[in-house]
Amino acid sequence: MAGGPIVLTSGAKEHPGKMTLFVFLTCLVASSGGLIFGYDIGISGGVTSMDSFLSRFFPSVYRQQMADSSTNQYCKFDSQLLTLFTSSLYVAALISSFLASTVTRVFGRKWSMFAGGITFLLGSAINGAAVNVLMLILGRVLLGIGIGFANQARAHSSVPLYLSEMAPAKLRGMLNIGFQLMITIGIFAANLINYGTASIEGGWGWRVSLGLAAVPAVIITVGSLVLPDTPNSLIERGYDDEAKAMLRKIRGTEDIQAEYGDLVAASAEAKSIDHPWSNILQRRYRPQLCMAILIPSFQQLTGINVIMFYAPVLFKTLGFGSEASLASAVISGIVNVFATFVSIATVDKLGRRKLFLQGGTQMLVSQLLVGTLIALKFGTTGVATGMSTNYASIIVLFICFYVAAFAWSWGPLGWLVPSEIFPLEIRSAGQSITVSVNMLFTFIIAQVFLTALCHLKFGLFYFFAGWVVIMTAFVALFLPETKNVPIEEIVLVWKKHWFWGKFISDDDIHVGNLEVAKHTIEAA
């Protein structure tokens, strides 16, 4: 069957639900999937700024960065092999996630998770014991495979989608952002560890930094084995009584019949779709398809991974010493964590759009100022003319302003919004596209950044600022507000939108009480 109308059976948009201890702990454990992403992001840039690591594995880069300040500072870390060390994980995660979905369907979530955990632990061990670049890259590839399996195994979906399905609609934003919070905690922990291990005598501190990736791997593996399935997943597999019991448990009420009816109707429609991958290409799903591609692309084109991946390297390029560069990364990591709490506290009150627009504006201003400050000091030649402590502190300050803005806007919302916009019949395909695009652009940005910095110099910050202008305008014009709207009924938001509404005909929607639903959406 090619696909019928988008089914919404209930006009009652306010499904009962509250924060229960069970749903809080479940979402907390599920969010731990962000730890390994964050730890890897933070640890990569830290070890690549350590002299002992560079001299052992990348001696040409070490010689470049040890040259005096009369040489071009923009290019002293330019090495495709060095960037491959960072980016190889993400291309491996991208490819393995497709295989993982098949393994999960055949052997089940727990066995797929187990395979991911074992693979990740093996990769951590190989990285920590590496004696050559080949071992480093092999370890990174295994880490990526582990991430691909671990992420895909969580209830046959990505972590943000799992969180969105478990959370009550009015708390969905807050609980979903727990994933991004765990990413920021992972980054901060990695920054602290790098700062501590860099001073270990004998130059083997980088082994500790890389090997400790096993800690979040164990947390994720153990946690995922005890995670319950979502009501959506249980209904899809025919466990109706278990789905009702789980819905009562996570909503904290016996009054779940209306929401259960919506989930059953959506599941029935989804089962009638033989080819969700071709179905998502149909005209009525154009809004979701565009968001699945553009939002994760834009998230990476903010340039955040220029800061998060390579913060110590970037600070070293700007003339900071080894210890100072790692300390500055710790400072930006602290800002990242605390700013994420701003999003947690406001996302279900202010909504997604306001945070996107405010964060985009602040990021734009910060990037323009950082680019200008670097231009004034290094110019186009990249030759340092001496940087005072106050001048360096101002650069760090504006980088922190930029990190804070990302942490309460594109950071968490880049995962939240795609996880809440897909009807069940295309949800697996849509979320797979989102994750794949995110991994692809993460790989590309990580691989080209150091070369781009060498050639574009301070203009690289203007380049990303230009993309921030584009994505902020896109949000203002094309992204409707989705706060407090049940996932199964969010199609009405698209139907009411000035642009996307023309892609969805009345025949594409079947609602028990359309007028009541529309009024409720307007009130939200």
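Note that the structure is a prediction, hence the values are computed from the model and not measured.

Enquirer: With reference to specific residues and values, describe the overall build of the chain.
Expert: Each helix and strand counted, the chain has 27 helices and 2 strands in total. Pairs at least 24 apart in sequence give 82% of the contacts found in the chain among residues at least 6 apart. Here the chain displays about 19000 Å² of accessible surface, and carbon together with sulfur accounts for 68% of that area.

Enquirer: Provide a residue-level description of helix H14 (residues 240-251), including the pertinent values.
Expert: Along an α-helix, a turn takes 3.6 residues, which lines up residues three or four apart on a common side. Across its 12 residues, H14 extends 16 Å between first and last C-alpha, which sits within 8% of the 16 Å expected from 1.5 Å per residue. Where H14 ends, the next residue or the one after it, Gly-252, has phi of about 70 degrees, a positive value.

Enquirer: Break down a nonpolar patch on the surface for me, with residues and values.
Expert: A cluster of nonpolar side chains, Met-19, Leu-21, Phe-24, Leu-25 and Leu-28, forms an exposed patch at the surface whose accessible area comes to about 460 Å². As for its position among the elements, Leu-25 is in helix H1 (residues 21-31).

Enquirer: Describe the environment of Ala-213, and please don't skip the residues or the numbers.
Expert: Within the fold, Ala-213 resides in the loop between helix H11 (205-211) and helix H12 (214-225). Look at Ala-213 and you get buried, because its relative accessible area is 5%. Linking Ala-213 and Ala-190, residues 23 residues apart in sequence, is a C-alpha distance of 9.0 Å. If we ignore the near neighbours within four places in the chain, the residues touching Ala-213 are Ile-36, Tyr-39, Phe-120 and Ser-124.

Enquirer: Account for unusual backbone geometry, with residues named and values stated.
Expert: Positive phi values are uncommon outside glycine, yet Lys-457 reaches one of about 55 degrees. Mapped onto the fold, Lys-457 is located in the loop between helix H24 (424-456) and helix H25 (459-478). Notably, Asn-484 is not glycine yet its phi reads approximately 65 degrees, a positive angle.

Enquirer: With reference to specific residues and values, describe the side chain of Gln-180.
Expert: Locating Gln-180 in the fold gives a position in helix H10 (residues 178-197). Once residues lying within four places of it in the same chain are set aside, the contact partners of Gln-180 are Thr-340, Phe-406, Gly-411, Pro-412 and Trp-415.

Enquirer: I'd like a description of the side chain of Thr-472, backed by residues and values.
Expert: Within the fold, Thr-472 resides in helix H25. Residue classification places Thr-472 among the buried residues on the basis of a relative accessible area of 16%. Filtering out sequence-adjacent residues up to four positions away, Thr-472 remains in contact with Leu-357 and Gly-360.

Enquirer: Tell me what's going on with the packing of helix H21 (residues 352-378) against H25, and back it up with residues and numbers.
Expert: Packing of H21 against H25 leaves a shortest axis separation of 9 Å and a crossing angle of 165 degrees. Put simply, H21 runs roughly antiparallel to H25. The chirality of how H21 crosses H25 is left-handed. Residue-level contacts link Arg-353, Phe-356, Leu-357, Gly-360, Met-363, Leu-364, Gln-367, Leu-368, Val-370, Gly-371, Thr-372 and Ile-374 of H21 to Phe-461, Tyr-462, Phe-464, Ala-465, Val-468, Val-469, Thr-472, Val-475 and Ala-476 of H25. Tallied by class, the residues present in the contact of H21 with H25 amount to 15 nonpolar, 5 polar and 1 charged.

Enquirer: Kindly report on the environment of Lys-349, identifying the contributing residues and their values.
Expert: Position of Lys-349 among the secondary structure elements: in helix H20 (residues 322-350). In the structure, Lys-349 is positioned 179 residues away from Lys-170 in sequence and 9.2 Å away in space, judged by C-alpha atoms. There is a polar contact of 3.3 Å between the side chain of Lys-349 and the backbone oxygen of Ala-345.

Enquirer: Now, about the confidence of the model for the chain: what can you tell me, with residues and values included?
Expert: Should pLDDT be low for a region, the predicted coordinates there are not to be read in detail. Averaged over every residue, the pLDDT of the chain is 82; the share at 70 or more is 85%. Ranking the helices and strands of the chain by mean pLDDT puts H25 first, with 96, and strand E1 (residues 6-8) last, with 41. Across residues 1-12, where pLDDT falls below 50, the model places 52 contacts with residues more than four positions away in sequence or in other chains. Contacts for the low-pLDDT stretch residues 153-157, under 50 throughout, to residues beyond four places or in other chains number 23 contacts.

Cut-offs and rules
Residues numbered from 1 in each chain as written. Predicted model: local features only at pLDDT ≥ 70, side-chain atom pairs only at ≥ 80, totals over all residues. Heavy atoms only, no water. Helix = DSSP H or I, 4+ residues; strand = E, 2+ residues; numbered from the N terminus. Contact = heavy atoms within 4.5 Å. Areas by Shrake-Rupley, 256 points an atom, 1.4 Å probe, with all protein chains shown as cover. Expected span 1.5 Å × (residues − 1). Patch = residues over 30% accessible without salt bridge, like charges linked within 9 Å, V, L, I, M, F, W, Y side chains within 5 Å. Salt bridge = Lys/Arg side-chain N within 4 Å of Asp/Glu carboxyl O. Buried < 20%, exposed > 50% of the residue type's maximum accessible area, 1.4 Å probe, protein only. Axes fitted to C-alpha atoms, helices over the stretch in contact; angles between N-to-C directions. Parallel < 35°, antiparallel > 145°, perpendicular 65-115°, else oblique. Left-handed = near helix turned anticlockwise from the far one by under 90°. Nonpolar A, V, L, I, M, F, W, Y, C, P; charged D, E, K, R; others polar. Polar contact = N/O pair within 3.5 Å; in protein donor to acceptor, adjacent residues only side chain to side chain. pLDDT = per-residue confidence, 0-100.

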